[in-house]
Amino acid sequence: MNIKLIIFLMVFCLVFGIYIFYNIFKRRITLQYSLMWFTYCIIMIILLISTPIMENITHFLGFEVTSNMIFCLGFIALLVISFTLTKFLSLQKEKITTLTQEVGILKKELKNYHGKN
Amino acid sequence: MQKVLMIIPAYNEEKSILDVVKEMKKVKCDDVLIDYIIINDGSRDKTREICIQNDLNFIDLPCNLGIGGAVQTGYKYAFYKEYDIAIQFDGDNQHDGAFIPHLIQEINKGNDMVIGSRFVSDLSEFKSSALRRFGINILSGIIKVCTGVKVYDVTSGYRACNKKLIEYFAYKYPVDYPEPDTLVQVLKKGMKVLEIPVKMRERKEGKSSINGFKSAYYMIKVTLAIIIAAISTRSDK
């Protein structure tokens, strides 16, 4: 793989990793949800520095060019991450529905209570 | 005395909600206390103001949940307040309140769920458009294959449930297009479902939640929901 591409991807992963850290410290994302992105960056960087590992995987999976393998793996990882996010989203939606219903019922109970007193 | 709760989901029903409540108040049934609860599902029109002005019994949801979420709120309320029977009744004045005593009677005969149906007799002159009837027939066929029970009006939102089902629905109810889905769950659990003839009117105000391009999406989604419900629901028996 071209050294320019390796350097570009590594710089990108490093900047992205630092950005994730920055957000954790600013408490904009929780550690739980940042971990999968973090793992993504670290695996990318490891693959990029270790040329022999990269070439072995490329041959093993049947790719012609190493850069294709990197992009394909990155794509698969993104698919997994976005599906995980959809799963979280569904759970969140269910929780919000329950909360909305309970808030509605509570509002009614509160009104009744004030009405009686 | 038996306590019955009428669950009336209302989303932008400012023109019909008062008529629905008036109709409800006309219903008399011996030895039965009939209450109603309107679930205002985050309406953007004056539904909420009308409920306040007329001192109607209503729950005001802080945001729009969709029909399933609204109806489930009613079931939760019925469960917390220990009602014996819950009856779903549309907020758009499509349903005829005169049949409420029939539904209650059939629940008291030991049925778990009683569905007010347009198709089991010629009582209801309004039977929806040909295309929609065709869709309902297909869904009815799929449900027959999945559960072995033939139900004709599978999308009817005019249905009564006993105490056992109130508890079940309070915890578990699908978010959108819930009628066929819940029907399959109930049948798969081995509960008794009965269809009785009722009269339905054509809606005067507002639009149905299903129309145009949405109908294809509706058919695919509901078919999937039916199959998933049929596979994942375990029998209680």
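Predicted, not measured: the structure shown is a model, and the values here were computed from it. (Residues numbered from 1 in each chain as written. Chains lettered and ligands numbered in written order. Predicted model: local features only at pLDDT ≥ 70, side-chain atom pairs only at ≥ 80, totals over all residues. Heavy atoms only, no water.)

### What to know about the pairing of strand β2 (residues 32–40) of chain B
Residue and element names in this part refer to chain B.
Then, number 1: In the sheet, strand β1 (residues 2–10) pairs with β2 via nine bridges, with the strands oriented parallel. When the bridges of β2 are listed, Val4 appears paired with Ile34.
Then, number 2: One ladder, built from three bridges, connects β2 with strand β3 (residues 58–60); its direction is parallel. In the strand pairing of β3, Asn40 is matched with Asp60. (Pairing = 2+ DSSP bridges. Helix = DSSP H or I, 4+ residues; strand = E, 2+ residues; numbered from the N terminus.)

### Concerning the sheet that holds β2 of chain B
Residue and element names in this part refer to chain B.
Then, number 1: Taken in spatial order, the seven strands of this open sheet run β3-β2-β1-β4-β6-β5-β7, and their pairing is mixed. Taken across any chain shown, the strands that pair with only one partner, and hence form the sheet edges, are β3 and β7 (193–197). Averaged over neighbouring strand pairs, the angle between their axes works out to 20° when direction is ignored. (Axes fitted to C-alpha atoms, helices over the stretch in contact; angles between N-to-C directions.)

### Digging into the environment of Gly17 of chain A
Residue and element names in this part refer to chain A.
Then, number 1: Its place among the elements puts Gly17 in helix α1 (residues 3–25).
Then, number 2: Counting along the chain gives 47 residues from Gly17 to Glu64, while the straight-line C-alpha distance between them is 29 Å.
Then, number 3: Residue contacts for Gly17: discarding those within four places in its chain leaves Phe38 and Cys41. (Contact = heavy atoms within 4.5 Å.)

### What to know about the nonpolar core
Residues and elements named next belong to chain B.
Then, number 1: One finds Tyr75, Met113, Leu165, Phe169 and Leu183 to be the most contacted residues of the largest nonpolar core, which totals 40 residues.
Then, number 2: For this core, the secondary-structure elements that each account for two or more residues are β1, β2, α3 (67–80), β5 (113–117), α5 (130–147), α6 (163–171), α7 (178–188) and α8 (214–232).
Then, number 3: Judged by nonpolar contacts, the second largest core, of 31 residues, contains Val4, Phe58, Ile85 and Val198. (Core = buried A, V, L, I, M, F, W, Y, C linked by side-chain atoms within 4.5 Å. Buried < 20%, exposed > 50% of the residue type's maximum accessible area, 1.4 Å probe, protein only.)

### Some remarks on the packing of aromatic side chains
Then, number 1: One pass over the structure, following the stated rule, counts 14 aromatic pairs over all chains.
Then, number 2: On the basis of an interplanar angle of 15° and a centroid distance of 6.0 Å, the ring pair of Phe12 of chain A and Phe16 of chain A is categorised as stacked. Of the two residues, Phe12 of chain A and Phe16 of chain A are both situated in helix α1; the distance of four residues between them amounts to about one turn of the helix.
Then, number 3: Residue Phe12 of chain A is classed as partly exposed on the basis of its relative accessible area, which comes to 47%.
Then, number 4: Phe16 of chain A sits in the partly exposed class, given a relative accessible area of 24%.
Then, number 5: Judged by centre distance (5.3 Å) and plane angle (80°), the rings of Phe89 of chain B and Tyr158 of chain B are edge-to-face. Highlighted residues: Phe89 of chain B in the loop between β4 (85–88) and α4 (100–108) and Tyr158 of chain B in the loop between α5 and β6 (159–161), separated in sequence by 69 residues. Like Tyr158 of chain B, Phe89 of chain B is buried.
Then, number 6: The aromatic ring of Tyr83 of chain B is capped on one face by Lys3 of chain B, whose charged end is 4.7 Å from the ring centroid. (Phe/Tyr/Trp six-rings, centres within 6.5 Å; stacked < 30°, edge-to-face > 60°. Lys NZ or Arg CZ within 6 Å of the ring centre and 35° of its normal.)

### Comments concerning a nonpolar patch on the surface
Residue and element names in this part refer to chain A.
Then, number 1: Together, Ile3, Ile7, Val11 and Val15 give the surface a local cluster of nonpolar side chains, amounting to about 370 Å² of exposed area.
Then, number 2: If you trace the backbone, Ile3 turns up in helix α1.
Then, number 3: For Ile3, a relative accessible area of 56% corresponds to the exposed category. (Patch = residues over 30% accessible without salt bridge, like charges linked within 9 Å, V, L, I, M, F, W, Y side chains within 5 Å. Areas by Shrake-Rupley, 256 points an atom, 1.4 Å probe, with all protein chains shown as cover. Salt bridge = Lys/Arg side-chain N within 4 Å of Asp/Glu carboxyl O.)

### A word on α1 of chain A
Residues and elements named next belong to chain A.
Then, number 1: Between the first and last C-alpha of α1 there are 33 Å, a value that for 23 residues agrees with the 33 Å anticipated at 1.5 Å per step.
Then, number 2: Looking only at α1, the buried set comprises Ile6, Leu9, Cys13, Gly17, Ile20, Asn23 and Ile24.
Then, number 3: Here the buried face of α1 lies against α2 (31–49), α3 (51–61) and α4 (66–116).
Then, number 4: With a side-chain oxygen lying 2.8 Å from the backbone nitrogen of Lys4, the N-terminal cap of α1 falls on Asn2. (Expected span 1.5 Å × (residues − 1). Polar contact = N/O pair within 3.5 Å; in protein donor to acceptor, adjacent residues only side chain to side chain.)

### Comments concerning the interface of chain B and chain A
Then, number 1: At the interface, 17 residues of chain B touch 13 residues of chain A.
Then, number 2: Roughly 1,300 Å² is buried in total at the junction of chain B and chain A, and carbon and sulfur atoms are behind 58% of that figure.
Then, number 3: When the area that chain B buries against chain A is broken down by residue, the three leading residues are Pro62, Leu65 and Lys76 of chain B, summing to 29%.
Then, number 4: Along the contact surface separating chain B from chain A lie two salt bridges. (Buried area = accessible area lost by both parts, 1.4 Å probe.)

### Remarks on the side chain of Asp41 of chain B
Residue and element names in this part refer to chain B.
Then, number 1: In this fold, Asp41 is placed in the loop between β2 and α2 (47–53).
Then, number 2: At 2.9 Å, the side chain of Asp41 forms a polar contact with the backbone nitrogen of Gly66.
Then, number 3: Not counting residues up to four positions away in its chain, the partners in contact with Asp41 are Ala10, Tyr11, Leu61, Cys63, Asn64, Leu65, Gly66, Ile67 and Ala70.

### Quick word on the state of the cysteines
Then, number 1: Applying the stated criterion across every chain, the model contains zero disulfides over all chains.
Then, number 2: Free cysteine Cys13 of chain A: the closest other cysteine sulfur is in Cys41 of chain A, separated by 5.0 Å. (Disulfide = S-S within 2.5 Å.)

### Concerning the packing of α2 of chain A against α4 of chain A
All names here are of chain A.
Then, number 1: α4 packs onto α2 with a crossing angle of 175° between their chain directions and a minimal axis gap of 11 Å. Accordingly, the angle class assigned to the pair α2 and α4 is roughly antiparallel. Residues Tyr33, Met36, Trp37, Tyr40, Met44, Leu47 and Leu48 of α2 form the contact with α4, whose own contacting residues are Ile70, Leu73, Gly74, Ala77, Leu78, Ile81, Thr84, Leu85, Phe88 and Gln92.
Then, number 2: In terms of residue class, the contact of α2 with α4 is made up of 14 nonpolar, three polar and no charged. (Parallel < 35°, antiparallel > 145°, perpendicular 65-115°, else oblique. Nonpolar A, V, L, I, M, F, W, Y, C, P; charged D, E, K, R; others polar.)

### Brief notes about unusual backbone geometry
Residues and elements named next belong to chain B.
Then, number 1: Of note, Asp31 is a non-glycine position whose phi angle comes to about 60°, a positive value.
Then, number 2: Turning to its location among the elements, Asp31 is positioned in the loop between α1 (17–26) and β2.
Then, number 3: Here the phi dihedral of Asn93 falls at roughly 65°; this positive angle occurs in a residue that is not glycine.
Then, number 4: You can see Asn93 is positioned in the loop between β4 and α4.

By themselves these figures say nothing about function.
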